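So you can see what is in the structure, the chains are spelled out below.
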Amino acid sequence: MHFITDRKRATGLGASGSGTTRHWRLTVTSVALVALVVFFVFSFGFALGMPYEEAAAFYGRPFPAIVALLTFVVGMYHFRLGSQVMIEDYAGGATRHWLVIGAICLAYLLLAIGAFSVIALAVRPLIVPAAPLVLPA
Amino acid sequence: MADIPRGNRPLSPYMLGPYYRIQLTSLTSILTRITGNALIVTTALIAWWFAALVSGPEAYATANGVITSWFGDLVMTLSLLGLWYHTLAGIRHLIWDNLAMLEVPKAEMLGWACLGGSVVLTLLTIIIL
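The rules behind the values
- Here the residue numbering is sequential within each chain, running from 1 through the sequence in written order.
- Following the order in which they are written, the chains are lettered starting with A and the ligands numbered starting with 1.
- In keeping with the predicted nature of the model, local features appear solely for residues at pLDDT of at least 70, side-chain atom pairs appear and are counted solely at 80 or more, and the whole-chain, interface and lining totals rest on all residues.
- Each side-chain value is derived from all of the structure's non-hydrogen atoms; neither hydrogens nor water enter the calculation.
- For our purposes a nonpolar core is just a set of buried Ala, Val, Leu, Ile, Met, Phe, Trp, Tyr and Cys residues, chained together by side-chain atoms within 4.5 Å.
- Any residue under 20% of the maximum accessible area for its type is buried, any over 50% is exposed, and the rest in between are partly exposed; the area is computed with a 1.4 Å probe on protein chains only.
- Per the convention used, a helix needs a DSSP run of H or I reaching at least four residues, while a strand needs a run of E reaching at least two, with both numbered from the N terminus.
- What makes two residues a contact is simply this: any of their non-hydrogen atoms within 4.5 Å.
- UniProt positions are given in the numbering used here, feature names are shortened, and annotations may be inferred rather than shown by experiment.
- In short, buried area is how much 1.4 Å probe accessible area vanishes from two parts on joining, totalled over both.
- Whenever a carboxyl oxygen of Asp or Glu lies within 4 Å of a side-chain nitrogen of Lys or Arg, that contact is scored as a salt bridge.
- Here a polar contact is taken to be a pair of N or O atoms separated by no more than 3.5 Å, where protein atoms must pair a possible hydrogen donor with a possible acceptor and residues adjacent in sequence count only if both atoms sit in side chains.

The next thing to look at is the nonpolar core. By size, the foremost hydrophobic cluster in this structure holds 36 residues, and its most contacted members are Phe40(A), Phe44(A), Tyr59(A), Trp49(B), Phe50(B) and Leu53(B). Put simply, the parts of the chain that give this core at least two residues each are helix H2 (21-47), helix H3 (52-58), helix H4 (62-90) and helix H5 (93-127) of chain A together with helix H1 (24-55) and helix H2 (57-67) of chain B. A total of 9 residues in this core trace back to one element, the largest contributor, which is H5(A). In contact with Phe40(A), not counting residues within four places along its chain, are Gly45(A), Tyr59(A), Val67(A), Ala68(A), Thr71(A), Ile46(B) and Phe50(B). Listed in part, the 6 residues of the second largest apolar core include Val41(A), Leu39(B), Leu83(B) and Trp84(B).

A word on the UniProt feature "transmembrane region" (unreviewed entry) in chain A. Residues and elements named next belong to chain A. UniProt records the feature "transmembrane region" (unreviewed entry) for residues 31-52, 58-77 and 98-123 in the present numbering. Annotated as residues 58-77, this span is 85% helix and 0% strand, and its ends, taken at the C-alpha atoms, are 26 Å apart. Segment residues 98-123 splits into 100% helix and 0% strand. End C-alpha atoms: 37 Å apart.

What follows is about the interface of chain A and chain B. If you look at the interface, chain A gives 45 residues, while chain B gives 34 residues. In total, about 3200 Å² of surface goes out of reach between chain A and chain B, with carbon and sulfur atoms giving 79% of it. Notably, a salt bridge pairs Asp89(A) with Arg33(B), separated by 2.8 Å at the nearest N-O pair. Our count for the contact surface shared by chain A and chain B stands at 7 residue pairs in polar contact (both at pLDDT 80 or more). Contributions of two or more residues to the side of chain A that touches chain B are made by H2, H3, H4 and H5 of chain A. The element best represented in the side of chain A that touches chain B is H2(A), accounting for 14 residues.

In this section: the side chain of Thr27(A). Turning to its location among the elements, Thr27(A) is positioned in helix H2. Overall, Thr27(A) belongs to the buried group, its relative accessible area being 15%. A polar side-chain atom of Thr27(A) sits 2.8 Å from the main-chain carbonyl oxygen of His23(A). Each residue touching Thr27(A), except ones within four places of it in the same chain, is listed here: Leu94(B) and Asp97(B).

Here it is in structure tokens:
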């Protein structure tokens, strides 16, 4: 870093110190979500209201499970960034900090609940044997 | 720098009402923000549905019952409208990010496309599902 001047190191980073990183990440996640949302609406919407066994079997299949997993991960990361943009427009000082912390925690909580559940549903048919294990005598 | 009152500056909604007339572009912009952030409620409901499906038949019956009740249907239909609106408005931002369609008539046309498109997509989704 000794080769870079202070001016060069600061250029393009702006008052936030991180430049346009948040805007870029919101853009990337928004492009991904355009496709994910379409797939998720028509897979989850199909499963919603199914009897228990049918719904569990539906999310034991790879395609609906991968779509749901990606939608939770990308969607909640998009919310984590986007909600902060909104909060920073309307709140200042300590209120701003608490609201941003709360929104980030909520985003990762729902991400964890959703992702864990989808993975558990997808993996269960692979690890729970269909018939009881019978040991040889 | 010392005489600037930092921390006591007016934040953006202060000008709404007395100083600022709502237009289609600003209305559709505010709607983008409202729909995007409100979708956290929908996400919480859907995360609950998935967690209940993992937990077992009784928990699933409760979550699935609430989300497919008349009130749940109302919330999910409004969520669908909000989701399609936010998606279309997001595509509009991607278009604007490429410095395209920024002229007022074209920007307003995109605003009507978001409003009308979200209603059409919601009706289509309800018909298909």
